[in-house]
Amino acid sequence: MAPDDGEGNGYGIAIVIPTLNEARAIRQCLAALAPLSPAEVVVSDGGSGDETCAIATAFDRVRVIAAPLGRGSQLKAGVAVPTAPIIILLHADTILPPDAHHHIRAALVDASIAGGCFRLRFDNRRWRFAFWSWFTRFDSELTSFGDQAFFMRRSALADAGGLADWPLLEDVDLRRRLKRVGRFVKVRASVTTSARRFERVGVLRCQLRNAFILAAWQAGVSPPRLARIYRATQTATGRPSNATNPL
């Protein structure tokens, strides 16, 4: 990835990507970053046993680090590496739009905004996915998750207390805490994410599961315990997954 050309590309933007056995997705994810020319890209790997790290290191200006397994832990380790004032947290199976940097900069012109995220589009165009995508234009805990590429000021992340090293719900927690130090906005552009999780579980079942996990967390169940319940459910239904976070 070439350095910023001075024409308003990704200078000052760091992108952190947590991975675990994402060889099938990481190449496309990283290739899509070329139009942004981000200042820094960090792939925070949780111990992949496939070619994820080898693929990532083949890209210029991409640094791969080893991190404790778990999306929260991997993101926490990843954001400690770069120095850029703006951070994007990007899932390996999510593609940023080529003008993402313009949308982020336009949002952060307002000093009262701590961070935000994009709307969501799936790589499966069936109506049920398009229907759910429509709702992601609204900012709520059921329509704003980490696969929508959270972005934030580094200073706001520090003021919010950083990332929780949880195995799940770190994105919901981060959004809550960012909103305590500033505004959280949703830009009028969409990232494209893999529908694989929804295809495997089902759109309705996936959303009901997300609602249950959020409700249980709000009722006081800890994220580690919820993660154990989730993994047990996956095993019982014969649906193993490389994902470190169901949300």
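For clarity, every value in this text was computed on a predicted model and none was experimentally measured.

J.: Help me understand the side chain of S194 in this model?
T.: Here S194 is to be found in the loop between β8 (183-193) and α8 (196-201). For S194, a relative accessible area of 16% puts it in the buried group. At 3.1 Å, the side chain of S194 forms a polar contact with the backbone nitrogen of R196. Not counting residues up to four positions away in its chain, the partners in contact with S194 are D93, F122 and D123.

J.: When you look at the packing of helix α7 (residues 170-181) against helix α9 (residues 203-218) in this model, what are you seeing that I'm missing?
T.: What describes two packed helices is the angle between their axes and the distance between those same axes. Packing of α7 against α9 brings their axes to within 11 Å, and their N-to-C directions diverge by 60°. Taken together, the axes of α7 and α9 lie oblique to each other. With respect to the hand of their crossing, α7 and α9 are arranged in right-handed fashion. Counting all contacts with α7, which are made through V172, D173 and R176, the residues of α9 involved are L214, W217 and Q218. Looking at the contact of α7 with α9 residue by residue, the classes come out as three nonpolar, one polar and two charged.

J.: I keep staring at the packing of aromatic side chains and nothing clicks. Help me out?
T.: Think of a pair of aromatic rings as described by two things: how far the centres are apart, and how the planes are tilted against each other in angle. One pass over the structure, following the stated rule, counts eight aromatic pairs. A ring pair is formed by F118 and F151, whose centres lie 5.9 Å apart and whose planes are at 70°; its orientation type is edge-to-face. Here F118 is found in strand β6 (residues 113-122), whereas its partner F151 is found in strand β7 (residues 150-153), with 33 residues between them in sequence. Since its relative accessible area comes to 0%, F118 is described here as buried. Relative accessible area serves as the criterion here: at 0%, F151 is assigned to the buried category. Centroid distance W134 to F135: 5.2 Å. Interplanar angle 90°. Geometry classified as edge-to-face. Just above the ring of F184 sits the side chain of R175; from NZ or CZ to the centre is 5.9 Å.

J.: Is there a simple way to explain unusual backbone geometry in this structure?
T.: Apart from glycine, the bulk of residues carry a negative phi angle, and the bulk of peptide bonds sit in the trans form. The phi dihedral of S37 is positive, around 45°, even though this residue is not glycine. Residue placement: S37 occurs in the loop between α1 (23-31) and β2 (40-45). Of note, the phi angle at R61 is positive, near 60°, even though the residue is not glycine. Tracing the backbone through its elements, the reader meets R61 in the loop between α2 (52-57) and β3 (62-66). Looking at R61, the relative accessible area reads 36%, which means it is partly exposed.

Rules used throughout
Residues numbered from 1 in each chain as written. Predicted model: local features only at pLDDT ≥ 70, side-chain atom pairs only at ≥ 80, totals over all residues. Heavy atoms only, no water. Helix = DSSP H or I, 4+ residues; strand = E, 2+ residues; numbered from the N terminus. Buried < 20%, exposed > 50% of the residue type's maximum accessible area, 1.4 Å probe, protein only. Polar contact = N/O pair within 3.5 Å; in protein donor to acceptor, adjacent residues only side chain to side chain. Contact = heavy atoms within 4.5 Å. Axes fitted to C-alpha atoms, helices over the stretch in contact; angles between N-to-C directions. Parallel < 35°, antiparallel > 145°, perpendicular 65-115°, else oblique. Left-handed = near helix turned anticlockwise from the far one by under 90°. Nonpolar A, V, L, I, M, F, W, Y, C, P; charged D, E, K, R; others polar. Phe/Tyr/Trp six-rings, centres within 6.5 Å; stacked < 30°, edge-to-face > 60°. Lys NZ or Arg CZ within 6 Å of the ring centre and 35° of its normal.

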